[in-house]
Amino acid sequence: MLIRIAAFVFASLTIVAVGAAIAGAYYLWQLNEELPEYDQLSNYQPPVTTRVHAGDGSLIAEYARERRLFVPITSIPDAVKAAFLSAEDKNFYSHPGIDVQGVLRASIENVSNYMNNRRLEGASTITQQVAKNFLLTSEVTLNRKLKEALIAIKIEQTFSKDEILELYLNEIYLGFASYGVAAAALNYFEKSLDQLTLGEIAYLAALPKAPNNYHPTRRKDQAIGRRNWVIDRMTENGYIDKQQADAAKSEDLIVFPRAYGAQIVEAEYFAEEVRREVFDIYGEDELYDGGLSIRTTLDTNLQNVAHRALRKGLISYDRRHGWRGPVARIAADEDWHEKLKAVRVPNDIAPWEAGVVLALRDDSALVGLRDGESGRIPMEEMEWARPWLRGEKVGGEVRKPSDVLNKGDVIYVERLENADGGDVDGDRQYTLRQIPAVNGGLIALDPHTGRILAMAGGFSFQESEFNRTTQADRQTGSAFKPFVYAAALDRGFTPSSLVLDAPFVMDQGPGLDLWKPENYSLEFYGPSTLRLGVEKSRNVMTVRLAQNIGMEPIVELARRFGINDDMPLQLSMALGAGETTLLKLTSAYAMLVNGGRRITPTLIDRIQDRRGKTIFKHDTRPCDECNANEWRDQEEPEIPDIREEVLDPGTAYQVVSMLEGVVQRGTGGSIRAVGRPLAGKTGTTNEERDAWFVGFSPDLAVGVYVGFDNPRKMGRAETGGRVAAPIFRDFMKDAVGTQPAIPFRIPPGIRLVRVNAKTGLLAQPGDYPVILEAFKPGTEPGGPQPVIGASDGGSGGALGSGTGGLY
């Protein structure tokens, strides 16, 4: 009887076991069928950070969804590999994809974890982590763990151990938005892998399990403890000796979190324009995941100069128009420090900082700073802060600090320093600052290639990302006039040709007022040379000249120079009523100084893909000889000039010469202080809503625009000569002021002739002033000239004498 019962039980158990085995086999077969394709790992192309560099190689921006730098396994130091193997999978090079010993250990630990309601341990090998990171989710389930193990075994059968480790070390997330060990080394320590100390390597190897649990500043003690645990594992596994371990443990954990995005604050507008352009060309995925290397045209020195000059000019204008009040108001009680830290402050206005007024005295204001310290603003540093009034006017004089500030006012201040960089008079003193309401832009480019060397798109990128050099379409005012005169010179006029500067009246049609353009001085000056019309920015004679030659050639010239593709055939366009951007107008001026050759402005010199292959190049000139592998005393390659001619070189030089006169004798007189050959033109629109100065040296074209983002009057006499020209001057002082003086290049065929500056006729003994005028062959003045407009009956008002008139 017992034998029969035992046989029955055995048979039943056998059936159950076979059934379980069949069920298990079916389950594993079904899991295997559900496994994702793992052979995609052989074509692994991880998302890699796109990096943007200036012309000198400086890193100016990075763009990525995952900040990663791919490094082949052969370039990863042995110490880095040893640290991660010790921390994550010491049997990596011996197991077949799963570590049985590790699974048993984790199973025992998980009994306790389950009883104490703690997270279960995984015991995953590096190969299993590769399977999970690339092909599976992070859910903690038996189904996912079995899939992970099956894929790990197949991966081991397909790839070498080094290939698997390479995938792991480039994919693993290590905190600080870092994917892979190379990115983590840079983002934590600003070092490449081969520069890391043993302690730093061990810290990175401590992070894969839970980077936030071992944050280097918020949880520094836990981070050092975990780092030291990794060092102990490295010692146990024979990678380092006790002396090395003790030295590594003695290291302090100091990190240098690396900035993300634009790395040079002054270049944020430039970097954003590059980002938009690359996005338009290659799309979002290639920009953020493609690992592009973008070499831009930016000159970091000129960019700093541009940023500084624009800010100085905007602040200068803003101070002339008074104090608009504090940034915010808080209670100046014992909690003022915490309340002040809660006030938003743009991070790109340094060395300015936020402060709160704690007390007012007769001769100063006491301010508290975000660092908990305090200082004072002397009375003389507040005298400019007369109250702002509507219409950009100012109120009465400031006689005491309470005329400007109140206790609890949150304001911007800048620390005052003596010549040695120390405190003034032994205490911390500050000057009162204010972010300008007005804004503007400055752009500088190479007139021969179109390479944009500097771009300042506004006062603060953090305050407004709107780029005034590329996105602001504004009326140009008189800055457009050189192209009216260029059209006339191209049709037989000379710089000495005479045009009547007298009242001009036009009937605009039924129901419309008569159009009566005026000079800024509200005076008229009679017959004047074309040169004088440019130098003194005469409105009326410009309109009369445009009427004489017709608007068609002017509109065509504006189109060829890229200023405006759809300019109306209206005389008001000759005075700059049409709109364009600062970049377009500056590029047009560049084509004047380069001899009338078309250029295409560019931010980017070259783009390379993740493998180093050039996929974009701005310079498309052919040069087979440039690809020679070595130098064998061959002739230097000659690169052809393939630029299209948009204006006769002789005409272009005549305009350049007239614009040089604007600086020497006209509305740009403040620029003479640079002491180098410069040329350019002011521009001011009706009611002083926009102020321009666009000009150049022989090898650098620069444009400046100032105005309110929502156009309104800037105030009486706030013209291009007063607002924009000083910014141009300050930029050029640093950009070319210390370089050798280079004259403007004269093309073949141009003759320089001495003429009377007032009449335009050949100079005679005793004439004054006399200038050298540029003429094309056969166009030199031989006697009295006709006066354009003298027969149109336009001289209906009294004519002023002399050659004055300001605009």
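For the structure itself, consult the block above.
Residues numbered from 1 in each chain as written. Predicted model: local features only at pLDDT ≥ 70, side-chain atom pairs only at ≥ 80, totals over all residues. Heavy atoms only, no water.

A. The nonpolar core, seen in detail. Grouped together as the largest cluster of nonpolar side chains are 85 residues, with contacts concentrated most on F483, L530, F561, L659 and F696. The greatest single-element share of this core, amounting to 9 residues, is contributed by helix α19 (residues 582–593). If sequence neighbours within four positions are ignored, F483 has contacts with L557, F561, I563, L585, A588, Y589 and L592. (Core = buried A, V, L, I, M, F, W, Y, C linked by side-chain atoms within 4.5 Å. Buried < 20%, exposed > 50% of the residue type's maximum accessible area, 1.4 Å probe, protein only. Helix = DSSP H or I, 4+ residues; strand = E, 2+ residues; numbered from the N terminus. Contact = heavy atoms within 4.5 Å.)

B. Local environment of the sheet that holds strand β14 (residues 439–445). Taking strand neighbours across the sheet as the criterion, the 5 strands line up as β15-β14-β24-β23-β22 in an open arrangement whose pairing is antiparallel. Each having just a single partner strand, β15 (452–456) and β22 (679–684) make up the two edges of the open sheet. Across the sheet, the axes of successive neighbouring strands diverge by a mean angle of 5°, strand direction being ignored. Bridge count for β22 against strand β23 (residues 690–697) is 6 bridges, and the pairing is antiparallel. Within β23, the residue paired with T684 across the bridge is A691. (Pairing = 2+ DSSP bridges. Axes fitted to C-alpha atoms, helices over the stretch in contact; angles between N-to-C directions.)

C. Looking closely at the packing of helix α8 (residues 198–205) against helix α9 (residues 220–236). Taken N-terminus to C-terminus, the directions of α8 and α9 make an angle of 105°; their axes are 8 Å apart at the nearest point. As far as their axial angle goes, α9 and α8 are roughly perpendicular. Facing L198, G199, A202, Y203 and A205 of α8, the residues of α9 in contact are A223, R227, V230, I231 and M234. Counted by class, the contact of α8 with α9 contains 8 nonpolar, 1 polar and 1 charged residues. (Parallel < 35°, antiparallel > 145°, perpendicular 65-115°, else oblique. Nonpolar A, V, L, I, M, F, W, Y, C, P; charged D, E, K, R; others polar.)

D. Region of interest: the packing of aromatic side chains. Enumeration over the complete set of coordinates arrives at 21 aromatic pairs. Between the aromatic rings of F189 and Y203, the centroid separation amounts to 6.4 Å while the plane-to-plane angle is 80°, which identifies the pairing as edge-to-face. With a gap of 14 residues between them, F189 in helix α7 (residues 181–189) and Y203 in helix α8 connect regions that are remote in the sequence. Each member of the pair, F189 together with Y203, is buried. Look at W352 and F459: their rings are 5.6 Å apart centre to centre, the planes differ by 45°, and that puts the pair in the tilted class. Taken together, the positions of W352 in the loop between α14 (336–341) and β7 (353–360) and F459 in the loop between β15 and β16 (474–475) put the pair 107 residues apart, joining distant regions of the chain. The exposure class assigned to F459 is buried, which follows from its relative accessible area of 2%. Aromatic rings pair up to connect F480, F483, F561, Y589, F696 and F744 into one cluster. Between K161 and the ring centre of F92, over which it is positioned, the NZ or CZ distance is 4.5 Å. A cation sits over an aromatic face here: R311 above F459, 4.5 Å from the ring centre. (Phe/Tyr/Trp six-rings, centres within 6.5 Å; stacked < 30°, edge-to-face > 60°. Lys NZ or Arg CZ within 6 Å of the ring centre and 35° of its normal.)

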